[in-house]
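A look at the structure
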Amino acid sequence: LAPAGRSACDRDGDELRVRLTTAAALPAVVERWYRHAAAAHAHTRIAELAPRVGRAPARLAIRAQRSRWGSCSSRGTVNLNWRLLQMPAAVFDYVLVHELCHLLVPNHSPRFWSEVARVLPDFAAQRAVLHRLGRQLAF
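Every value quoted in this text rests on a predicted model; they were computed, and no experiment measured them. Residue numbers restart at each chain and count upward from 1, following the sequence in its written direction. At least 70 in pLDDT is required for a residue's local features to be given in this predicted model, at least 80 for side-chain atom pairs to be given and counted, and no such filter applies to totals for whole chains, interfaces and linings, which use all residues. Values reported for side chains reflect all heavy atoms of the structure, with hydrogen atoms and water molecules removed beforehand.

What follows covers the packing of aromatic side chains. Stacked, tilted and edge-to-face are the three classes applied to pairs of Phe, Tyr and Trp rings, where Trp contributes its six-membered ring and a pair requires centres within 6.5 Å; stacked means planes under 30 degrees apart, edge-to-face means over 60, and tilted covers the rest. Overall, the coordinates contain five aromatic pairs when judged by the stated rule. On the numbers, 5.1 Å between centres and 85° between planes, the contact of Trp33 with Tyr34 is edge-to-face. For the residue pair Trp33 and Tyr34, the accessibility class agrees, reading buried in each case. Seen from their ring centres, Tyr94 and Phe123 are 6.3 Å apart, and the 15° between their planes marks the pair as stacked. Linking Tyr94 in helix 2 (residues 89-102) with Phe123 in helix 4 (residues 123-134), this pair joins segments that are 29 residues apart in sequence. The burial state of Tyr94 is the same as that of Phe123; both residues are buried. Clustering of aromatic rings is evident, with ring pairs tying together Tyr94, Phe112, Trp113 and Phe123. A simple rule labels every residue: compare its accessible area, found with a 1.4 Å probe on the protein chains alone, to the largest value its type can have, and call it buried under 20%, exposed over 50%, or partly exposed in between. Strands are runs of DSSP state E lasting at least 2 residues, helices are runs of H or I lasting at least 4, and numbering of each runs from the N terminus.

What makes a nonpolar core is a set of buried Ala, Val, Leu, Ile, Met, Phe, Trp, Tyr and Cys residues whose side-chain atoms join them at distances within 4.5 Å. Leu80, Tyr94, Val97, Leu100 and Val116 are the most contacted members of the largest nonpolar core, which totals 39 residues. Elements that contribute at least two residues to this core include exactly helix 1 (26-53), strand 3 (59-63), strand 5 (77-81), helix 2, helix 3 (110-119) and helix 4. In terms of residue count, the dominant contributor to this core is helix 1 (11 residues). Whether two residues are in contact is decided by their heavy atoms, any of which lying within 4.5 Å being enough. Ignoring any residue separated from it by four or fewer positions in sequence, one finds Leu80 in contact with Ala42, Leu60, Ala61, Ile62, Arg63, Gln65, Trp69, Gly70, Phe92, Val95, Leu96 and Glu99.

Before going further, it helps to examine a nonpolar patch on the surface. Patch building starts from residues that exceed 30% relative accessible area and form no salt bridge, then joins like charges within 9 Å and nonpolar side chains (Val, Leu, Ile, Met, Phe, Trp, Tyr) within 5 Å. For the area figures, the Shrake-Rupley method with a 1.4 Å probe applies, and any residue is considered shielded solely by the protein chains shown. In the sections that follow, a salt bridge refers to a side-chain nitrogen of Lys or Arg positioned within 4 Å of a carboxyl oxygen of Asp or Glu. There is a patch of nonpolar side chains on the surface, built from Leu16, Val18 and Leu26 and spanning about 190 Å² of accessible area. Structurally, the position occupied by Leu26 is in helix 1.

In structure tokens:
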């Protein structure tokens, strides 16, 4: 436990270093770090992927949905689950492209899936990894 100050979480290579004022703060501190890191990563990926899709979100929100990896609002907000950062990078990209394509086609019609395939031809493999690994996340 940290003797004084504030609880914090920092990345050191492949490890997260956590300083806590109380043990009960652990989940909130780690989630706060993941949310910030997921937002930074998503903004970087949007800069590359949005031009390929042909649309950029009006806003990005990082959320803690229990049953969704992402969503897209009719106002152009792309919501991503912070837990995506625990997935392989290609899976993160798949979910982001999926939501960006909803800015073009707001449903799961064949036209929607053809847009996803146009940007990510291997999307089905990434989707399968998402479903398989998603059930294994502990945090």
